[in-house]
Amino acid sequence: AQKVTQAQTEISVVEKEDVTLDCVYETRDTTYYLFWYKQPPSGELVFLIRRNSFDEQNEISGRYSWNFQKSTSSFNFTITASQVVDSAVYFCALSVGGNTGFQKLVFGTGTRLLVSP
Amino acid sequence: DTEVTQTPKHLVMGMTNKKSLKCEQHMGHRAMYWYKQKAKKPPELMFVYSYEKLSINESVPSRFSPECPNSSLLNLHLHALQPEDSALYLCASSHPTGTLSEQYFGPGTRLTVT
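Notes on the structure follow. This is a predicted model, so every value here is computed, not measured. (Residues numbered from 1 in each chain as written. Chains lettered and ligands numbered in written order. Predicted model: local features only at pLDDT ≥ 70, side-chain atom pairs only at ≥ 80, totals over all residues. Heavy atoms only, no water.)

So, about the nonpolar core. Residues and elements named next belong to chain B. Trp34, Phe64, Leu76 and Leu78 are the most contacted members of the largest nonpolar core, which has 24 residues in total. Where this core is concerned, the elements lending two or more residues are strand S2 (10-13), strand S3 (18-25), strand S4 (31-37), strand S5 (44-50), strand S7 (64-70), strand S8 (73-79), strand S9 (87-94) and strand S11 (109-113). With sequence-adjacent residues up to four places away left out, Leu76 is seen in contact with Lys19, Ser20, Leu21, Trp34, Met46, Phe47, Phe64, Ser65, Pro66 and Tyr89. (Core = buried A, V, L, I, M, F, W, Y, C linked by side-chain atoms within 4.5 Å. Buried < 20%, exposed > 50% of the residue type's maximum accessible area, 1.4 Å probe, protein only. Helix = DSSP H or I, 4+ residues; strand = E, 2+ residues; numbered from the N terminus. Contact = heavy atoms within 4.5 Å.)

See below:
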């Protein structure tokens, strides 16, 4: 069975602080994909990143960076110099399986990030 | 263009009403999804269409009826809903390469059943 755990329910920081959102996953599949989505108060889930199980390179995109470690089954997300606009719920998700023409995502429970001025 | 549109944005309906939610994408995606999301919970998958055919129905009650008229459109027909069906309903789509592709979500329809 697949499972995604986001142990941090809510994190509060002050603007310009760095913050790391943790994600731990469980799967017995050797081929899998990990995702991060952002859900602002408006409700829409915004895709942030996809990473496959064969690519452990860390990635940086502006103030966002991701640390993928298969040894600890973690895919953590760091926001550097946080801003008020980063306030949202962040979901980590996992998909497994072959190319069936669609994907079935297993979501974590989400981490609510509150950035105050 | 990575846009998925959904109408209406808000919907209030009585338990005896019939209504429909609509979703549209023009990214050439051939997989489309309906999710239900309750407050402070992650999205729950309801249905998946792949190449306009229903591929997954996650044991959703028959008062929810999905329809995929063509590769760009996805509908969710609602009938005789219960107050506990009040939620945010999200539509998503993805490229036909399946697990190789991320899903793009629409803004959702906030449904209230009275």
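There's more to say after this.
With that out of the way, let us pick up the sheet that holds S3 of chain B. Residues and elements named next belong to chain B. Strand order in the open sheet made by the four strands is S1-S3-S8-S7, with antiparallel pairing throughout. Because the sheet does not close on itself, it has two edges, and the strands there are strand S1 (4-7) and S7. Averaged over all adjacent pairs, the angle separating strand axes in this sheet is 20 degrees, with direction ignored. When S1 meets S3, the two strands line up antiparallel, connected through four bridges. Paired with Thr5 across the bridge in S3 is Glu24. (Pairing = 2+ DSSP bridges. Axes fitted to C-alpha atoms, helices over the stretch in contact; angles between N-to-C directions.)

For the rest of this paragraph, the subject is the interface of chain B and chain A. The interface of chain B with chain A comprises 30 residues on the first partner and 27 residues on the second. Both sides of the chain B and chain A interface together cover about 2,100 Å² of buried area, and 56% of this is carbon and sulfur. Linking chain B to chain A there are two salt bridges. In this structure, Glu58 of chain B engages Lys104 of chain A in a salt bridge whose closest nitrogen and oxygen atoms are separated by 2.6 Å. On inspection of chain B and its partner chain A, the count reaches six residue pairs in polar contact (both at pLDDT 80 or more). For the side of chain B that touches chain A, the elements supplying multiple residues, two or more each, are S4, S5, strand S6 (53-57), S9 and strand S10 (104-105) of chain B. No other element matches the four residues that S4 of chain B contributes to the side of chain B that touches chain A. A class-by-class count of the residues in the side of chain B that touches chain A yields 15 nonpolar, 10 polar and five charged. (Buried area = accessible area lost by both parts, 1.4 Å probe. Salt bridge = Lys/Arg side-chain N within 4 Å of Asp/Glu carboxyl O. Polar contact = N/O pair within 3.5 Å; in protein donor to acceptor, adjacent residues only side chain to side chain. Nonpolar A, V, L, I, M, F, W, Y, C, P; charged D, E, K, R; others polar.)

We now examine the pairing of strand S6 (residues 46-52) of chain A. Residue and element names in this part refer to chain A. One ladder, built from six bridges, connects strand S5 (residues 32-39) with S6; its direction is antiparallel. If you follow Trp36 over to S6, its bridge partner there is Ile49. The loop that links S5 with its antiparallel partner S6 comprises six residues; one of these, Gly43, has a positive phi angle of about 110 degrees.

Glancing now at the state of the cysteines. Residue and element names in this part refer to chain A. For the structure on display, the rule yields two disulfides over all chains. At a sulfur-sulfur separation of 2.0 Å, the disulfide partner of Cys23 is Cys92. When the S-S torsion is -65 degrees, as for the bridge of Cys23 with Cys92, the disulfide is left-handed. Of this pair, Cys23 sits in the loop between strand S3 (19-21) and strand S4 (24-26) while Cys92 sits in strand S10 (residues 88-96), placing them 69 residues apart in sequence. (Disulfide = S-S within 2.5 Å.)

Among the eight residues in S5 of chain A, eight count as buried, and that is most of the element. Burial of S5 of chain A is two-sided: the residues Tyr32, Leu34, Trp36 and Lys38 of chain A facing one way and the residues Tyr33, Phe35, Tyr37 and Gln39 of chain A facing the other way are all buried.

The tally for this structure, following the rule as stated, stands at eight salt bridges over all chains. Note that Glu102 of chain B is salt-bridged to Arg50 of chain A, the shortest N-O span being 2.3 Å. One end of the pair, Glu102 of chain B, is in the loop between S9 and S10; the other, Arg50 of chain A, is in strand S6, on a second chain. The class of Glu102 of chain B is buried, set by a relative accessible area of 11%. A residue is classified by how much of its surface remains accessible, and Arg50 of chain A, at 33% relative accessible area, is partly exposed.

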